[in-house]
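# Per-entry structural report
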Amino acid sequence: MADARILVVDDDDFFRLIIAERLGGLGYDVGQAGSLAQARALVAEAPPDVALLDVRLPDGDGTELLAELVRDTDAACVMITAHGTVESAVAALKLGAADYLEKPFSLERLEATLASALERTALRREVRALRERFGRAGGMVGASAPMQEVFALIERVAPADSTTVLITGETGTGKGMIARLLHQLSPRAAGPFVNVTCSALSETLMESELFGHEKGAFTDAHTQKRGLVELADRGTLFLDEIGELTPRLQGKLLGFIEDKVFRRLGGTRDLRVDARVLAATNRELAVEVEAGRFRADLFYRLQVVPIRIPPLRERPADIPALTKTFIEEFNREFGKRIRGITPEALARLAQHRWPGNVRELRNVIERSVLLAEDHVLTLEMLPPELRDAGRRPTAVLDLGPEGVDLQALERSLLLEALRRTGGNRTAAGALLGLSRHQIRNRLRKFALES
Ligand SMILES: Nc1ncnc2c1ncn2[C@@H]1O[C@H](COP(=O)(O)OP(=O)(O)OP(=O)(O)O)[C@@H](O)[C@H]1O
Ligand SMILES: [Mg+2]
């Protein structure tokens, strides 16, 4: 790593100087600190790539700083321990230290340790960049636990180049986006992404769309035509609403997935195409199989890796970030300058059941941004069906034979309300019929805040 930043934290001035001089001579950018306080100030200025940390410092323990660096930065930490304190070194490794050096050590040993620590930092950065690319890939928002699970699955499946994936989820949950993401993160990213919406309109037309036709294959087939399957060669074929395919086409598709060959409508030649198949549906395909409307063999073939996208009401923690994203999007589109949303309005969004999922939320924000005259979205700007719903049920449970732990219940409802509103206390209060002040008191009561 060219001009890597090294931070040396040790209260022994002489030791520090020697190390700094040697590392400076090697072209590193070296910072020095004799105490925790000094070190923290330097870290705040610019986080190091590697930190050499003495365990015993005048104002505290080097492992404190170790924990902070592990938590907040990509820095690799090397602990410096006095002879015979290997135990504290082992403890430091458990806390996330990259390595340790036992005094006295040679400068050669220092350089070797440093080189491998720098490698580790570079690797950590790479992994994080990759993870960030996921979080934002294609503009997808999804910090909630259920969406993180979906992303983790995608991370594992995307590189498996020829695995078929079935994406399920209610309308508007983002199935189309996930399919695109899978393509972008696959080795086929440079190839075509072909999106086909299956429909039961006319079997012949659908077949010719998908597989193409030879001249004269049917009345209107005046010329030869290549199908979408062919256009997806070396890329991804995304079959949206796969539940709509007729049984015969389901059969033909299965043949294609298994053997990678097919024939154009009216054709006699086998054509070979290398395409990864992704499919999506908002129907319960298992039920369709049960009812005899969907071929079981195709279902199992598609189901190799199922990805279920949870409905928005199961991940309200995503609502604040989605709202922010959409406000920014429509600000750009309509040349507006909306800065945000009031806590009351956000609370209302967190309460809604969202049958149309993310698409419905996006539409609500689009409309509100368009109509907004102020610089902030308020309850009044939400569509009537949202504005007028805000009644809270007052009796959600009965006491039951064993009674309830009211404190535990209160605590968990409080946390859930905060989670749903992205930690906005006023909005969380609106969900619970409490003021911001009362929320704060309860946070203290449950020792969630001092
Ligand atoms: N996690 C997300 N982050 C940002 N935008 C999203 C997210 N999920 C969905 N959207 C947006 O919501 C809308 C609906 O998404 P998409 O069309 O992918 O859903 P779908 O599940 O394919 O819906 P349908 O079943 O109706 O085809 C799109 O405008 C999409 O950009
Ligand atoms: Mg879709």
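Predicted, not measured: the structure shown is a model, and the values here were computed from it.

### Digging into the sheet that holds strand β3 (residues 50-54)
- Across the sheet, five strands lie side by side as β2-β1-β3-β6-β7; this open sheet has parallel pairing. Of all the strands in the sheet, the pair left with one neighbour each is β2 (29-33) and β7 (99-102). The mean angle between the axes of side-by-side strands here comes to 20 degrees, regardless of whether they run parallel or antiparallel.
- Inspection of the sheet shows β3 paired to strand β6 (residues 76-81) by five bridges, in the parallel sense.

### Some words on the sheet that holds strand β12 (residues 236-240)
- The five strands are arranged β9-β12-β15-β8-β16 in an open sheet whose pairing can be described as parallel. Edge positions in the sheet fall to β9 (193-197) and β16 (305-308), since each of these pairs with one other strand and no more. The average angle at which neighbouring strand axes cross in this sheet is 20 degrees, direction not considered.
- For strand β8 (residues 165-168) and strand β15 (residues 276-281), the ladder comprises four bridges, and the chain directions are parallel. Within β15, the position partnered with isoleucine 167 by the bridge is alanine 280.

### Remarks on the site of ligand 1
- Around ligand 1 there are 18 residues in total, and Thr171, Gly174, Lys175, Gly176 and Val358 lie nearest to it.
- Residue composition of the shell around ligand 1, by class: five nonpolar, ten polar and three charged.
- Each of two domains, domain 2 (140-310) and domain 3 (313-387), supplies a minimum of three residues to the shell around ligand 1.

### Description of the nonpolar core
- Counting residues in each nonpolar core, the largest one holds 72 residues, and the members touching the most others are Ile167 and Leu237.
- Beyond its immediate chain neighbours, meaning those up to four positions away, isoleucine 167 contacts Lys175, Ile178, Ala179, Leu278, Ala280, Ile307 and Ile309.
- Within the second largest apolar cluster, 34 residues are counted, among which are Leu23, Leu53, Cys77 and Ala97.

### Some points on the domain arrangement of the protein chain
- Domain assignment breaks the protein chain into domain 1 (5-130), domain 2 (140-310), domain 3 (313-387) and domain 4 (406-445).
- Here the C-alpha centroids of domain 3 and domain 4 sit 22 Å apart.
- In this complex, domain 3 contributes eleven residues to the contact, which on the side of domain 4 involves nine residues.
- Listing elements by their share of the side of domain 3 that touches domain 4, those giving two or more residues are α13 (319-334) and α14 (343-351).
- When residues of the side of domain 3 that touches domain 4 are assigned to their parent elements, the largest contribution, six residues, is made by α14.
- Tallied by class, residues from the side of domain 3 that touches domain 4 come to nine nonpolar, one polar and one charged.

Reading the values: the criteria
Residues numbered from 1 in each chain as written. Chains lettered and ligands numbered in written order. Predicted model: local features only at pLDDT ≥ 70, side-chain atom pairs only at ≥ 80, totals over all residues. Pairing = 2+ DSSP bridges. Helix = DSSP H or I, 4+ residues; strand = E, 2+ residues; numbered from the N terminus. Axes fitted to C-alpha atoms, helices over the stretch in contact; angles between N-to-C directions. Near = placed C-beta within 6 Å. Nonpolar A, V, L, I, M, F, W, Y, C, P; charged D, E, K, R; others polar. Domains from an automatic or database assignment. Core = buried A, V, L, I, M, F, W, Y, C linked by C-beta atoms within 7 Å. Buried ≥ 20, exposed ≤ 12 C-beta atoms within 10 Å, placed from the backbone. Contact = placed C-beta atoms within 7 Å.

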